[in-house]
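Structural characterization, general
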Amino acid sequence: MKRTLFSVGIGLLSLASGLAVVGLQPGVAQANNPRLNQLLMQVKANKSWTSASFPVAGFSGYLSLYGQSLAIEGAQVFNRGINLGAKEGSSVRSWLPGRVEQIAYDPTCGNFAVIQSGPWRHKYCALKGQINVTPQGQVYLIDAETILKVGQQLKAGNQLGRIGANQQNQQPQLHWEVQYENQLIDPAIIIGLMHEQQKTAPTVAPRRPPQVAIRPGGPMPSQVLALRQAIIGQESGGNPRAVNPHSGALGYGQVMPENVEPWSREVLGYPLTVPQFLNSPELQLQIIDAKLAQYWQDAMRRSGGNEAIAVRMVASYWYSGDPTLYNNTRPQSYGEGDYPSIAHYTLSILGKYQTLIASRY
């Protein structure tokens with residue numbers, strides 16, 4: 001069993017003061033890399049990493065540090081990075097803004113992602129989810145709350161996945177490696193510099209959209225309106241007279257023809273024919289809002305109030321008729337048409353929804 005070097009909850013300050021454990025001081029790089037030394041001096045002087053992100057939320061302790069010997073598959077190997085303990089499912093975040101260069105799997109690292117940020121290359125191992133490839137050959141990692149694609153641009157702090165269990169000992173942790181111009185460096189240097197620059201920075205609590213109850217006959221809460229806009233943008237691009245050539249789905253939200261009569265009767269109090277539905281954009285919105293409000297209430301109950309999961313459940317209900325299939329990665333088809341998996345669709349809706357919500361608060 002690996003020795004825990006720092007106890008739970010002591011965070012960046014303890015690592016900065018504990019760097020002597022590995023014989024380093026904050027901001028001091030390998031002596032054989034003068035360019036890196038110079039860059040780190042500039043970073044320190046300019047406070048360049050005040051907005052950089054600690055790579056995992058829910059941090060619980062440092063399990064092993066750079067250079068320590070690790071037992072992997074019966075052999076002792078050099079630790080190329082740092083192992084950060086956290087609860088399984090904790091958010092893994094991009095340290096710096098950059099481009100996703102690689103998503104892959106190997107037995108010792110598990111699912112991993114590599115981000116390129118100028119001369120910096122940072123690797124994140126033991127990510128939850130499933131690696132898939134689109135018909136066009138694009139590799140992506142899909143998880144309950146995120147979809148990460150090769151070529152995707154990330155900002156510092158963007159969630160790129162969630163922490164899973166280490167492949168060797170099944171202990172939840174993030175293995176994080178950093179290279180500068182293809183040379184491995186000690187991540188403790190980075191964390192120490194980040195601590196120095198961020199310890200006096202003001203802390204701003206993230207704003208979360210309020211959970212608004214839906215009152216019969218009352219105004220639609222912002223969550224439902226954002227869902228409506230996200231789904232319409234995905235389904236029809238805002239065309240109220242769109243008709244799907246394979247399924248016959250109709251209008252703004254691509255409502256199935258067989259749902260037009262019962263849904264309009266339920267929401268409006270009288271039935272609409274398909275032509276009436278297509279020629280009535282305002283009535284389409286009334287029906288869409290009412291059904292989404294129903295689905296939202298049910299999804300919030302099913303998800304225990306988890307907003308991201310509730311959004312994906314609503315999207316799954318709209319796309320497949322079953323809110324529980326939001327993680328289904330099987331490609332869909334209708335007639336002669338091929339369509340994205342339910343998981344891909346729901347993550348796309350979640351991304352649109354989060355952008356809309358963020359713009360309103």
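Parameters and conventions
- Residues numbered from 1 in each chain as written.
- Predicted model: local features only at pLDDT ≥ 70, side-chain atom pairs only at ≥ 80, totals over all residues.
- Heavy atoms only, no water.
- Disulfide = S-S within 2.5 Å.
- Helix = DSSP H or I, 4+ residues; strand = E, 2+ residues; numbered from the N terminus.
- Buried < 20%, exposed > 50% of the residue type's maximum accessible area, 1.4 Å probe, protein only.
- pLDDT = per-residue confidence, 0-100.
- Contact = heavy atoms within 4.5 Å.
- Phe/Tyr/Trp six-rings, centres within 6.5 Å; stacked < 30°, edge-to-face > 60°.
- Axes fitted to C-alpha atoms, helices over the stretch in contact; angles between N-to-C directions.
- Parallel < 35°, antiparallel > 145°, perpendicular 65-115°, else oblique.
- Left-handed = near helix turned anticlockwise from the far one by under 90°.
- Nonpolar A, V, L, I, M, F, W, Y, C, P; charged D, E, K, R; others polar.
- Pairing = 2+ DSSP bridges.
- Core = buried A, V, L, I, M, F, W, Y, C linked by side-chain atoms within 4.5 Å.
- Expected span 1.5 Å × (residues − 1).
- Arc of directions from axis to C-beta.

Enumeration over the complete set of coordinates arrives at one disulfide. The disulfide partner of C109 is C125, and the gap between their sulfur atoms is 1.7 Å. Handedness of the C109-C125 disulfide follows from its S-S torsion of about -85°: it is left-handed. Of this pair, C109 sits in the loop between β6 (98–106) and β7 (110–117) while C125 is found in strand β8 (residues 120–125), placing the two residues 16 residues apart along the sequence. Across the pair, exposure class does not vary: C109 and C125 are buried alike.

What follows deals with the confidence of the model for the protein chain. The predicted model of the protein chain averages 79 in pLDDT, with 80% of residues at 70 or higher. Looking across the protein chain, the model is least confident in helix α1 (residues 11–17), with a mean pLDDT of 35, and most confident in β8, with 94. Contacts from residues 1–29, a stretch scored under 50 in pLDDT, to residues over four places away or in other chains number 57 contacts.

Attention now goes to the packing of aromatic side chains. Throughout the structure, instances matching the rule amount to twelve aromatic pairs. Consider the rings of W49 and W95, whose centres lie 5.3 Å apart with planes at 75°: the pair is edge-to-face. Of the two residues, W49 is situated in the loop between α2 (34–46) and β1 (59–64) and W95 in the loop between β5 (91–93) and β6; the sequence distance between them amounts to 46 residues. Here W49 and W95 have matching classes, each one buried. Ring plane angle 5° and centroid distance 4.0 Å describe the contact between Y319 and Y345, whose orientation is recorded as stacked. A residue pair is termed long-range when its members are at least 10 positions apart, and Y319 in helix α8 (residues 307–320) and Y345 in helix α9 (residues 342–360) qualify at 26 residues. Exposure remark for Y345: the relative accessible area of 3% places this residue in the buried category.

Here the focus is the packing of helix α7 (residues 281–302) against α8. Contact geometry of α7 with α8 gives a least axis separation of 8 Å together with a crossing angle of 130°. Between α7 and α8, the angle falls in the class oblique. For α7 against α8, the interelement crossing comes out right-handed. Residues I288, K291, L292, Y295, W296, D298, A299, M300 and R302 of α7 form the contact with α8, whose participating residues are E307, A310, V311, M313, V314, Y317 and W318. Classifying every residue of the contact of α7 with α8 gives twelve nonpolar, no polar and four charged.

Moving on, we come to the sheet that holds strand β11 (residues 147–149). Strand pairing within a sheet occurs via backbone hydrogen bonds; the two strands may be parallel or antiparallel. Within the open sheet, the three strands sit side by side as β9-β10-β11. Their pairing is antiparallel. The open sheet is flanked by β9 (130–133) and β11, the only strands paired with a single partner. The sheet shows a mean angle of 25° between the axes of neighbouring strands, direction not considered. Pairing geometry for β9 and strand β10 (residues 139–142), over four bridges, is antiparallel. Along β10, the bridge assignment pairs I131 with L141.

Attention now goes to unusual backbone geometry. The residue K47 is not glycine, and still its phi comes out positive at about 50°. Position of K47 among the secondary structure elements: in the loop between α2 and β1. One non-glycine residue, E181, lies in the positive phi region at around 50°. Note on placement: E181 falls in the loop between β14 (173–180) and β15 (183–185). Look at E181 and you get partly exposed, because its relative accessible area is 35%.

Moving on to the nonpolar core. Judged by nonpolar contacts, the single largest core of 45 residues is most densely connected at L227, L292, W296, W318 and I349. Broken down by element, the residue count for this core peaks at nine residues, all from α7. Membership of the second largest hydrophobic core comes to 39 residues, among which are L39, L65, W120 and W176.

Structurally, the position occupied by N111 is in strand β7. Those residues in contact with N111 that lie beyond four places of it in its chain are A104, Y105, Y124, C125, A126, L127, K128, G129, Q130, I131 and L141.

A rise of 1.5 Å per residue sets the reference length of α2, with its 13 residues, at 18 Å; its end C-alpha atoms lie 18 Å apart and thus fit the reference within 8%. Looking only at α2, the buried set comprises L36, L39, L40 and V43. For α2, the angular spread of the buried residues around the axis is 100°, confining them to a single face. Exposed residues lying more than 90 degrees from the buried face of α2 are P34, Q38, M41, A45 and N46. Buried residues belonging to α2 abut β8, β14, β15 and α3 (187–198).

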